[in-house]
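An overview of the molecular structure
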Amino acid sequence: MYVCNCFGVTEAQVKKHAEGGACTPRQIASACKAGTDCGSCVRRIQALLGRGSCPRRELADQGEPVLAELDEAA
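To start, this report covers the structure provided alongside it.

In this section: the overall build of the protein. Helix and strand counts for the protein come out as five helices and two strands. The secondary structure elements of the protein, listed N-terminal to C-terminal, are β-β-α-α-α-α-α. Relative to its 74 residues, the protein shows a buried fraction of 30%. Surface accessibility of the protein: about 5,000 Å² in total, with carbon and sulfur atoms responsible for 46%.

What follows is the structure, encoded as structure tokens:
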């Protein structure tokens, strides 16, 4: 199922990026552009990410990079 119709990003792709460390819609956007055009998918992305379920949230809160693995995969 598509989450972001503007860029053709699926729910599975968002979940994969979340497993790779993306904890926020902004980090998902950095990884695959979802949510950067019309913005209608941002709430769905937030719902997929959930609250407090990010294993790297502490790193993100401290300003540490959490998407290094995604950069290498791209």
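Even without a glycine there, the phi angle at K33 is positive, about 75°. Looking at the secondary structure, you find K33 in the loop between α2 (25-32) and α3 (42-49).

With that settled, consider α2. Residues of α2 that are buried: Q27, I28, A29 and C32. Positive backbone phi, approximately 75°, marks K33, located one or two places after α2.

All right, on to the environment of R43 then. Tracing the sequence through the fold places R43 in helix α3. As for R43 and P25, which are separated by 18 residues in sequence, their C-alpha atoms are 8.6 Å apart.

To continue, consider the pattern of salt bridges. All chains considered together, the criterion is met by two salt bridges. Where E11 meets K15, a salt bridge forms, and the shortest distance between an N and an O atom there is 3.2 Å. Taken together, the residues span about one helical turn, with E11 and K15 both in helix α1 (residues 11-19) at a distance of four residues. Put simply, R44 and E11 hold a salt bridge, and the shortest N to O gap is 2.7 Å. Of this pair, R44 sits in helix α3 while E11 sits in helix α1, and the two are 33 residues apart along the sequence. By relative accessible area, E11 is classed as buried at 18%. One salt-bridge network, in which partners are shared between bridges, spans E11, K15 and R44.

The rules behind these values
Residue numbers restart at each chain and count upward from 1, following the sequence in its written direction. In keeping with the model being predicted, local features are shown solely for residues with a pLDDT of at least 70 and side-chain atom pairs are shown and tallied solely at 80 or more, while totals for entire chains, interfaces and linings include all residues. The side-chain figures draw on all heavy atoms in the structure; neither hydrogens nor water molecules are used. The numbering of helices and of strands both runs from the N terminus, where a helix is a DSSP run of H or I of at least 4 residues and a strand a run of E of at least 2. Summary of the burial criterion: residues with accessible area below 20% of their type's maximum are buried, those above 50% are exposed, and those between are partly exposed, where the area comes from a 1.4 Å probe applied to protein chains only. Only the protein chains shown count as cover for residues, and all accessible areas are computed by the Shrake-Rupley method using a 1.4 Å probe. Between Lys or Arg on one side and Asp or Glu on the other, a salt bridge is scored when a side-chain nitrogen of the former is within 4 Å of a carboxyl oxygen of the latter.

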